[in-house]
Amino acid sequence: MALIVQKYGGTSMGSPERIREVAKRVAHYHALGHQLVVVPSAMAGETNRLLALAKELNPEPHGRELDVIASTGEQVSVGLLALALQNLGLKARSYTGWQVKIQTDSAYTKARIVAIDDSLIRRDLAEGFICVVAGFQGVDEDGNITTLGRGGSDTTGVALAAALQADECQIFTDVDGVYTTDPRVVPEARKLEQITFEEMFELASLGSKVLQIRSVEFAGKYKVKLRVLSSFTPHDSNDTGTLITYEEENAMEQPVIAGIAFNRDEAKLTITGVPDRPGIAYAILGPIAEANIDVDVIIQNTSHEGLTDFSFTVHRNEYNKALDILNQQVRDQIQARGVTGDNKIAKVSIVGIGMRSHAGVAAKMFAALAKENVNIQMISTSEIKTSVVLDEKYMELAVRALHDAFELDKAPVA
Ligand code: ADP
Ligand code: ASP
Ligand code: MG
């Protein structure tokens with residue numbers, strides 16, 4: 001007997017028929033003798049619908065109220081799934097995040113889990129219940145409802161698995177595992193039997209939406225056995241999805257590149273003709289940090305006659321705010337020529353722990369993009385990834401060209 005946490009995404013929960021299918025899959029695992037905690041997302045499209053409703057009534061809604069509204073999607077899902085399980089003759093009980101309780105900080109719309117009280121779930125499991133726990137939501141110290149950021153049900157699933165020391169956390173979604181890149185963009189993308197934690201972490205943080213970054217963070221911290229699987233395969237199929245691994249003994253035999261991530265949510269800001277003197281980066285980025293805006297890729301050009309250009313990227317949602325701050329800085333503090341921006345950019349990244357031991361990977365990436373005439377605007381590298389910023393209209397072309405250049409459609413030779 002194992003204790004398994006299963007998370008089902010929005011498409012998997014998308015209709016009464018789909019919810020019935022989820023219940024049957026859960027029943028299948030239950031019949032094998034396992035204890036189960038099931039974490040569903042809101043039905044497909046529901047969170048978007050709720051957030052759009054909120055914005056219709058107030059274009060700048062307060063996070064606290066947004067979370068009250070958005071969390072209802074998952075509340076409906078747990079109730080429906082518990083009913084479907086009961087209809088199959090199983091003992092099931094639904095829980096909202098605050099009933100459990102999943103304690104978070106108070107950062108509305110992007111709260112972090114700080115503690116989970118597992119006592120009710122352990123009691124129910126011991127009594128033979130299947131626990132159905134709402135994903136994406138929690139409660140802060142003062143009893144306010146919070147949500148964990150888009151895609152946050154993954155994090156609820158992994159955090160519960162960590163708290164309960166579950167034998168495995170299974171993320172059921174609409175693809176049968178983690179692929180070399182999004183199979184919707186590159187149909188030749190190949191499913192990976194396994195991927196190292198570090199690579200999965202980079203892919204998620206660079207834009208692969210298959211797992212929310214914080215779920216991967218939790219998995220790494222608590223060494224949760226994490227697997228991504230399809231909820232659309234037959235219940236008794238032998239499909240093992242993709243396993244996230246933690247050991248790296250075989251790193252030398254790994255392919256150089258594990259996968260490609262892309263992200264359309266970025267925007268670029270440039271401040272031109274800045275006097276090149278100590279403290280200038282701080283003068284530009286200090287006020288941006290104070291406004292709680294995360295900065296990603298940064299470049300400063302070599303100076304020409306004492307003046308330089310300085311560019312950085314931010315999340316597209318924060319583009320206007322960042323632009324206002326820079327314009328104000330240039331008016332009041334920094335003697336620069338001007339500020340320009342572009343919110344139609346994208347970032348494409350190649351990721352692989354094999355990059356550590358192989359030279360020339362970045363050059364191969366640049367060559368593949370040059371061949372397609374794609375202009376690279378910014379570059380950022382770390383030990384196991386290289387990212388380029390480019391015009392968003394070339395994003396898909398770039399991803400396909402890189403997938404092809406690194407031959408990711410072919411299984412690596414052992
Ligand atoms: P869920 O609703 O189940 O949480 P998501 O839409 O959040 O599902 O995540 C699954 C989707 O992630 C897939 O449909 C796929 O389009 C996308 N995706 C992006 N990158 C990858 C990748 N490397 N491997 C698999 N799927 C990916
Ligand atoms: N329902 C939430 C969202 O759409 C959380 C999730 O699906 O993981 O972002
Ligand atoms: Mg998701």
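Per chain, residues are indexed from 1 in the order of the written sequence. Chains and ligands are labelled sequentially in the order written, the chains with letters from A and the ligands with numbers from 1. Reporting in this predicted model follows two pLDDT cut-offs: at least 70 for local features of residues, and 80 or more for side-chain atom pairs to be given and counted; totals over whole chains, interfaces and linings ignore these cut-offs and use all residues. The side-chain numbers reported here are obtained from all heavy atoms of the structure, hydrogens and water having been left aside.

Draft legend 1. Seen up close, the packing of aromatic side chains. Stacked, edge-to-face and tilted labels apply to pairs of Phe, Tyr and Trp rings (six-membered ring for Trp) whose centres lie within 6.5 Å, assigned for plane angles under 30 degrees, over 60, and everything in between, in that order. Inspection of the entire model under this criterion finds six aromatic pairs. Ring centres 5.8 Å apart and planes at 20° place the aromatic pair Phe218 and Tyr222 in the stacked group. Of the two residues, Phe218 and Tyr222 are both situated in helix H9 (residues 213–222); the distance of four residues between them amounts to about one turn of the helix. For Tyr222, a relative accessible area of 44% translates into the label partly exposed. Here the aromatic rings of Phe310 and Phe312 are separated by 6.5 Å at their centres, their planes lie at 65°, and the arrangement is edge-to-face. Judged on exposure class, the residue Phe310 and its partner Phe312 are both buried. Think of it this way: any DSSP run of H or I at least four residues long counts as a helix, any run of E at least two long counts as a strand, and we number them from the N terminus. Buried, partly exposed and exposed residues are distinguished by accessible area as a fraction of the type maximum, computed with a 1.4 Å probe on protein chains only: under 20%, between the cut-offs, and over 50%, respectively.

Draft legend 2. Fine view of the site of ligand 2. In these notes, residues near a molecule or strand are those with any non-hydrogen atom within 4 Å of it. Around ligand 2 sit Ser41, Ala42, Thr47, Glu74, Phe136, Arg150, Gly151, Gly152 and Ser153, and those are all the residues in its vicinity. Note that an oxygen atom of ligand 2 is positioned 2.7 Å from one of the side-chain N or O atoms of Arg150. Between Gly151 and ligand 2, the recorded distance is 2.9 Å, taken from a backbone N or O atom to an oxygen atom. For this classification, Asp, Glu, Lys and Arg are treated as charged, while Ala, Val, Leu, Ile, Met, Phe, Trp, Tyr, Cys and Pro are nonpolar and the rest, including Gly, are polar. Looking at side-chain class alone, the shell around ligand 2 contains two nonpolar, five polar and two charged residues. The term polar contact refers here to a pair of N or O atoms within 3.5 Å; inside protein, the definition further demands a hydrogen-donor-capable atom paired with an acceptor-capable atom, and it admits residues adjacent in sequence only when both atoms are side-chain atoms.

Draft legend 3. Inspection of the sheet that holds strand S17 (residues 378–382) at higher detail. DSSP-based pairing: two strands are paired if at least 2 bridges between them are found. Pairing is antiparallel across the open sheet formed by six strands, whose spatial order is S14-S15-S13-S16-S18-S17. In this open sheet, the two edge strands, each paired with only one partner strand, are strand S14 (295–300) and S17. Strand-to-strand twist across the sheet, computed as the mean angle between neighbouring axes with direction ignored, equals 25°. Both strand S16 (residues 338–351) and strand S18 (residues 385–391) contribute to a ladder of seven bridges, which runs antiparallel. Structural elements are reduced to axes, namely lines fitted to C-alpha atoms, with helices fitted over the stretch in contact, and the angle between N-to-C directions of any two is expressed from 0 to 180 degrees.

Draft legend 4. Seen up close, the pairing of strand S11 (residues 226–230). Taken across its five residues, S11 has five buried, putting it largely inside the fold. Of the two faces of S11, the one lined by Leu226, Val228 and Ser230 and the one lined by Arg227 and Leu229 are each fully buried. Of the strand pairs in this sheet, strand S9 (residues 168–173) and S11 are connected by five bridges, and their pairing is parallel. From the neighbouring strand, Phe172 faces S11, where its bridge partner is Leu229. In this sheet, strand S12 (residues 242–245) lies alongside S11 in antiparallel orientation, the contact comprising two bridges. Its bridge partner lying in S12, Arg227 is registered against Leu243.

Draft legend 5. Representation of the pattern of salt bridges in the model. The term salt bridge refers to a pairing of a side-chain nitrogen on Lys or Arg with a carboxyl oxygen on Asp or Glu at a separation within 4 Å. Summed over all chains, the structure comprises 22 salt bridges. Among the salt bridges present, the one from Arg316 reaches Glu392, with a minimum N-O distance of 2.9 Å. Highlighted residues: Arg316 in the loop between strand S15 (307–315) and helix H11 (319–332) and Glu392 in the loop between S18 and helix H13 (395–405), separated in sequence by 76 residues. Accessibility expressed as a relative area gives 24% for Arg316, which makes it partly exposed. The salt bridge partner of Glu383 is Arg356, with a shortest N-O separation of 3.2 Å. In this pair, Glu383 sits in the loop between S17 and S18 while Arg356 sits in the loop between S16 and helix H12 (361–371), placing the two residues 27 residues apart along the sequence. A relative accessible area of 55% means that Glu383 is categorised as exposed.

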